[in-house]
Amino acid sequence: MKNYIPRRFFSAALAVILLMSSVISLSGCGKKNEEYRDFNFFAMDTYITLRLAVKGSDGSVLSDDYLSSVANECADILSDIEGTLSAHSEKSDVYALNSGVDVMITADDTLVSLLETADKIRELTGGAYDYTLGAVTELWDPKTAVVPSKADVLAALEHTGSDKLMIINRTIRKLDSKTKIDFGGIGKGIAAQSLLEYLSTTDVEYGLVSLGGNIGVFGEKPEYGNYKIGIRDPDNAGGVIGYMYLNSGFISVSGDYERYFEVDGVRYHHIIDPVTGYPADSGVRSVAVHALNGASADALSTALFVLGVEKSLELYEEGNLKFEAVFVTDEGEIITTPGITEEMFEPVGKND
Ligand code: AMP
Ligand code: MG
C-alpha cells in the first residue's frame with residue numbers, strides 16, 4: 001500500500017476566500033514547497049489554483065519544467081472550455097446561441113454533453129437549478145447594479161424552461177429565440193472535473209484544483225485532514241464558519257456574498273429563484289456541497305441555495321442525486337446533511 005500524503009501537505013487551510021491572496025502568472029512556477037507547487041492564474045472570470053504534488057506516480061521527483069507544462073496544459077483546457085461556454089466571449093457557442101443563432105448544427109460535443117448534464121440536474125432538482133435562466137440572470141447583473149422592474153422580470157421568465165430548447169444528436173434548436181443559456185452555476189464545476197480528468201493522466205501523483213469556490217482533488221485517496229477547506233463566514237470575509245475535509249471528489253460553495261449589489265440597504269445577490277425570477281430568499285446564506293462529480297457539486301450548490309434547507313433535505317432523502325452539504329442559515333445556524341461526519345466537517349466557534 002502506498003503511503004498517505006503527509007498531513008502537513010495541506011496543513012494551511014484552503015479557505016475558499018482566502019487562498020487567492022497572491023495571483024502570479026503561469027509563466028513562473030508557484031510557491032516553492034517540498035511537496036507541491038502552486039500555480040495561480042486567472043481564467044473563466046475567476047482565480048484558479050492548481051496544487052500539484054512534486055512526487056511523481058512512480059515515486060520520482062517531478063521537475064519544475066514538467067509541472068509547468070502540466071499547468072500550461074490545464075490553462076489550455078480552461079481556455080477551450082471558456083471558448084465554448086462563456087456567455088460573454090463573443091467567440092463562444094453559448095454567446096452565439098444567446099445572440100441570434102437559433103439553430104446550431106453539429107454543435108461542439110462539450111456543449112451538447114453539458115446541456116444534457118445540466119438538463120438532468122435541472123430535472124432532478126425540480127428546476128431549482130436552471131441553465132435556461134439567462135434572460136432573467138442578465139437583469140440582475142451586479143455590474144449594472146440596477147433593480148429591474150417586476151414587469152421586466154416576469155417578461156424574462158417567459159423565456160426560461162428546458163422546453164424552449166430541443167437537442168437532437170448534435171443539433172441544438174431554440175424554440176424561443178429570446179431564451180438564453182447561463183452556465184454560470186455549473187461551468188466551473190465542469191472545468192474542475194475536466195482538469196482532474198486530465199491530471200489523472202499525467203505523472204503527477206496527487207493534488208488539487210480550485211476554481212472560484214469549486215475545489216476538486218485527485219490522486220491517491222488521502223486522509224481527510226490533508227485537504228482542509230475553509231468555509232467562509234458569510235458576514236466576515238476574513239473568517240470561516242468551519243472546515244470541510246475532502247478526500248475525494250469536489251466541493252462547491254454558493255453564497256449570497258459572492259456577487260451582489262445593494263440598493264436602499266437591500267442585498268440583491270446572483271443566485272436566482274427560477275420560480276420568482278428574484279434573488280433566492282430561502283433562509284440560506286451559503287451552502288457547501290460535496291459530490292463525486294464536479295458538475296453535480298457546482299449545480300447543486302446553486303440549486304440547494306434556491307431550495308433552502310428543508311427542501312434540500314427532502315432532495316437528499318429522495319436519493320436520486322448523491323451529495324452531502326453544509327448550510328449556513330440567515331440566523332447563522334450551521335446545518336449539515338446526515339452523511340456529514342465529524343471527519344468531514346469541523347465547525348469553528350465565532351470566537352475561535
Ligand atoms: P454559483 O455561484 O455556482 O451558485 O452560480 C451562480 C451563477 O449561476 C449566477 O451568477 C448565474 O450566472 C447562474 N444562476 C443564478 N441562479 C441560477 C439558478 N437558479 N440555476 C442555474 N444557474 C443560476
Ligand atoms: Mg454552482
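Residues numbered from 1 in each chain as written. Chains lettered and ligands numbered in written order. Predicted model: local features only at pLDDT ≥ 70, side-chain atom pairs only at ≥ 80, totals over all residues. Heavy atoms only, no water.

### Section: the pattern of salt bridges
The full count for this structure, using the stated rule, is 12 salt bridges. Two residues, Lys174 and Asp102, come together in a salt bridge whose shortest N-O distance is 3.9 Å. In this pair, Lys174 sits in strand β5 (residues 171–174) while Asp102 sits in the loop between α2 (93–98) and β3 (103–104), placing the two residues 72 residues apart along the sequence. For Lys174, a relative accessible area of 7% puts it in the buried group. (Salt bridge = Lys/Arg side-chain N within 4 Å of Asp/Glu carboxyl O. Helix = DSSP H or I, 4+ residues; strand = E, 2+ residues; numbered from the N terminus. Buried < 20%, exposed > 50% of the residue type's maximum accessible area, 1.4 Å probe, protein only.)

### Overview of the coordination of the magnesium ion (ligand 2)
For a metal with four donors in a tetrahedral arrangement, the ideal angle between donors is 109.5 degrees, while six donors in an octahedron ideally sit at 90 or 180 degrees. Taken together, Gly185 (O), Asp298 (O), Asp298 (OD) and Thr302 (OG1) make up the full set of protein donors to the magnesium ion (ligand 2), lying 2.1 to 2.7 Å away. As a motif over one chain, the donors of the magnesium ion (ligand 2) read G-x112-D-x3-T. In this pair, Asp298 and Thr302 both sit in helix α7 (residues 294–318), 4 residues apart, roughly one turn of the helix. Its relative accessible area of 16% is what places Thr302 among the buried residues. (Donors = N, O, S within 2.8 Å, 3.2 Å for Na, K, Ca; no water.)

### Structural notes on the sheet that holds strand β4 (residues 165–168)
In spatial order, the strands read β3-β5-β4; together these 3 strands make up an open sheet with antiparallel pairing. Edge positions in the sheet fall to β3 and β4, since each has one partner strand and no second. Bridge count for β4 against β5 is 4 bridges, and the pairing is antiparallel. Bridge pairing in β5 links Ile168 to Thr171. (Pairing = 2+ DSSP bridges.)

### Comments concerning unusual backbone geometry
With the exception of glycine, most residues fall at negative phi, and the peptide bonds are largely trans. The residue Thr106 is not glycine, and still its phi comes out positive at about 45°. Looking at where Thr106 falls in the secondary structure, it is placed in the loop between β3 and α3 (109–124). With a phi angle near 55°, Ala145 is a residue other than glycine that sits in the positive phi range. Turning to its location among the elements, Ala145 is positioned in the loop between α4 (134–137) and α5 (150–157).

### Overview of the environment of Glu343
Its place among the elements puts Glu343 in the loop between β15 (334–336) and β16 (345–347). Residue classification places Glu343 among the exposed residues on the basis of a relative accessible area of 52%. Separated by 97 residues in sequence, Glu343 and Leu246 place their C-alpha atoms 9.3 Å apart.

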